[in-house]
Amino acid sequence: MSQYVIPVVWSPDTRLHDPRHEVWVGVPTPATEVAQRVDVILDRLVRDGHRPVRASTQPDDVLAAVHSAELLAFLREASDRWRAGPYEELVGQDRVVPYLFPTPAMSGGLPVRAASAVHADAGRFGYDTMTLVGPGTWTAARAAADCARTAAELLGAGELLGAGELLTYALCRPPGHHATPAGYGGSCYLNNAAVAAEALRRSGAERVGIVDLDAHHGNGTSAVFYDRGDVLYGSVHVDPAAGWFPHVVGHAEETGRGPGAGANRNLPLPEGTTDGPWLDAVRLLGDWVVAGGCTALVVSLGVDAAVEDPESPLRVTLDGYSAAGSLLGGTGLPAVVVQEGGYHLPTLGDLVAGYLDGHAAAAADG
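Residues numbered from 1 in each chain as written. Predicted model: local features only at pLDDT ≥ 70, side-chain atom pairs only at ≥ 80, totals over all residues. Heavy atoms only, no water.

## Quick notes on the pairing of strand S3 (residues 27–30)
So, step 1. As paired strands, strand S2 (residues 21–24) and S3 are joined by four bridges and run antiparallel to one another. Its bridge partner being in S3, His21 is matched across the sheet by Pro30.
So, step 2. Hairpin connection, S2 to S3: the antiparallel pair is bridged by two residues, and Val25 has positive phi, about 45°. (Pairing = 2+ DSSP bridges. Helix = DSSP H or I, 4+ residues; strand = E, 2+ residues; numbered from the N terminus.)

See the structure below:
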């Protein structure tokens, strides 16, 4: 491990979200985004000598800057609305799952208003059937966002303002990079990486780079900043055109819009890609954020590209993640690392520790 002691920002409340199962192509399947992920990662990092820091309760201003008021209100109230209805008694479902999606195909151009029944209203915000909302979901997602902002503020009060921190880690769970400004999905409810980036901007970073290493494109983070030039978003991920989530976005031609033109970069890779080409893409993104004048970095650390991961379409090894850490640590940018995917519990702690050690060692040497 590196000699640099990394602040590990976490909250016990992130354990409270219990999806129990997902609904995939109409079939309930066991959940992989489970609370044990928090303990596996935390135990390993503390054992390595890193410093646990409890997330502080944060105000809503940064969260409200990256998400709509309607989405936040829905997520805050959804589980209570569901429990007040007949769903558990009638069909045995105690988690919020969308029943329909009010797309243009449904409305046919007719004016649309919000549905009164929560099972119909859920489709206004949730864009898949995999991402269920339960009694602890809001508390856990809100705590994860607090972890991200607390980690960004530690960095902002440190490296950006001259007090010393060059790397912080936010143990966010549930993950966040699929949460869009007005929607949730892909096991994500609130966009933790976007919260970290916005907080860094408010701490004085003139331009923030986000590098997303998750196996799947972070459509939510891309959407939050697609029209902005002050935050660069770059992602290496399995090619969605090959049939992988999020399927309809995440392609190379998506480069930003308006003031954000050129500030979005997607590097989709073929299914089965191994360390070498994956690391080439990571190197390109690291060089890109430096060349783009970024003064701080957010890393969306999904380790679900690993060989052993049940969700993995890629074949990245532990050595690959350590090397990715070295590449991004070598940018010399103060960085917040935000946890995204990674679902193979026996190797999860090793993968996160490997990345962080590589990043910290390279940053310290720089």
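Having put the structure on the table, let's press on.
## Observations regarding the side chain of Gln58
So, step 1. By the secondary structure assignment, Gln58 is in the loop between strand S4 (51–54) and helix H2 (61–66).
So, step 2. For Gln58, a relative accessible area of 9% corresponds to the buried category.
So, step 3. Among the polar contacts listed, one links the side chain of Gln58 to the side chain of Ser56, at a separation of 2.9 Å.
So, step 4. For Gln58, the side chain forms a polar contact with the side chain of Glu153, separated by 3.3 Å.
So, step 5. The contact partners of Gln58, leaving out residues within four places of it in the chain, are Arg142, Asp146, Arg149, Thr150 and Glu153. (Buried < 20%, exposed > 50% of the residue type's maximum accessible area, 1.4 Å probe, protein only. Polar contact = N/O pair within 3.5 Å; in protein donor to acceptor, adjacent residues only side chain to side chain. Contact = heavy atoms within 4.5 Å.)

## Here we look at the environment of Gly320
So, step 1. Note that Gly320 resides in helix H11 (residues 318–329).
So, step 2. Gly320 sits 17 residues away from Val337 along the chain, and the two C-alpha atoms are 17 Å apart.
So, step 3. The residues contacting Gly320, other than those within four sequence positions of it, are Asp275, Trp278 and Leu279.

## Concerning the pattern of salt bridges
So, step 1. Applying the stated criterion across every chain, the model contains 23 salt bridges.
So, step 2. The residue Glu153 makes a salt bridge to Arg149 at a minimum N-O spacing of 3.1 Å. With Glu153 and Arg149 both in helix H7 (residues 137–156) and four residues apart, the pair spans about one turn of that helix.
So, step 3. Here Arg149 falls in the buried class, since its relative accessible area comes to 9%.
So, step 4. For Arg283, the salt bridge goes to Asp280, with nearest N and O atoms at 3.1 Å. Of this pair, Arg283 and Asp280 are both found in helix H10 (residues 275–291), three residues apart, which corresponds to roughly one turn of the helix.
So, step 5. According to the relative accessible area criterion, Asp280 is partly exposed, its value standing at 42%. (Salt bridge = Lys/Arg side-chain N within 4 Å of Asp/Glu carboxyl O.)

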